[in-house]
Amino acid sequence: MYIKTRRQSLMATACARHILVKTKEEAEIIKKQLAEGKDFALLAKKHSLCKSSSKKGGDLGEFSPGKMVKAFDNVVFKKPVLKIHGPIKTQFGFHLIETIYRS
């Protein structure tokens, strides 16, 4: 059984998933497919360059602020949850990000 410490309880966390591609144009095409109802997990498995998360449908699991690059954190910890945000440019490429929850 996992019991959070007082410090961990006070720290914000979030769970998010993403699709990482090389170009803004690729991200826009995938975002349009998502808007048309395509499955996020399937598109992540097919297109995402992030090998560790693409196998899990883009799922990054739960993390706290500062674990991701600033542009990514700004979306996850400040933008509305359960919406697709992006393309968000980082040094890795262009992301489509969906925050599943924040606590």
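Conventions adopted
- Residues numbered from 1 in each chain as written.
- Predicted model: local features only at pLDDT ≥ 70, side-chain atom pairs only at ≥ 80, totals over all residues.
- Heavy atoms only, no water.
- Salt bridge = Lys/Arg side-chain N within 4 Å of Asp/Glu carboxyl O.
- Helix = DSSP H or I, 4+ residues; strand = E, 2+ residues; numbered from the N terminus.
- Core = buried A, V, L, I, M, F, W, Y, C linked by side-chain atoms within 4.5 Å.
- Buried < 20%, exposed > 50% of the residue type's maximum accessible area, 1.4 Å probe, protein only.
- Contact = heavy atoms within 4.5 Å.
- Pairing = 2+ DSSP bridges.
- Axes fitted to C-alpha atoms, helices over the stretch in contact; angles between N-to-C directions.

Counted under the stated rule, the structure contains one salt bridge. As a salt-bridge pair, Arg17 and Glu98 come within 2.6 Å of each other at their nearest N and O atoms. Separated by 81 residues along the polypeptide, Arg17 in strand S1 (residues 14-21) and Glu98 in strand S4 (residues 93-102) bring together distant segments of the chain.

The subject of this paragraph is the nonpolar core. One broad trend across soluble globular proteins is that nonpolar side chains are buried collectively. Ile19, Val21, Ala27, Ile30, Leu34, Phe40, Leu43, Ala44, Phe94 and Leu96 form the largest nonpolar core, which has 10 residues in total. Of all the elements in the fold, those that place two or more residues in this core are S1, helix H2 (24-35), helix H3 (40-47) and S4. The residues contacting Phe94, other than those within four sequence positions of it, are Ile19, Leu20, Val21, Lys22, Thr23, Lys24, Ala27, Pro87, Ile88 and Lys89. Among the nonpolar cores identified, the runner-up in size contains nine residues, and Ala14, Phe72, Val76 and Phe77 belong to it.

Attention shifts here to the sheet that holds S1. The antiparallel open sheet is built from four strands, whose spatial order is S2-S1-S4-S3. Sheet topology places strand S2 (59-63) and strand S3 (84-90) at the edges, where each strand pairs with a single neighbour. Averaged over all pairs of adjacent strands, the angle between strand axes in this sheet comes to 35°, irrespective of strand direction. Sheet analysis places S1 next to S4, joined by eight bridges and oriented antiparallel. Each bridged residue has a counterpart across the sheet, and for Ala14 the counterpart in S4 is Arg102. This element, helix H5 (residues 70-78), spans S1, S2, S3 and S4 of the sheet and lies at about 30° to S4.

The residue Ile88 is located in strand S3 in this model. On the accessibility criterion, Ile88 (18% relative accessible area) is buried. Spatially, the C-alpha atoms of Ile88 and Ala27 are 9.0 Å apart, while their sequence positions differ by 61 residues. Apart from residues no more than four positions distant in its own chain, Ile88 is found in contact with Ala71, Val75, Gly93, Phe94, His95 and Ile97.

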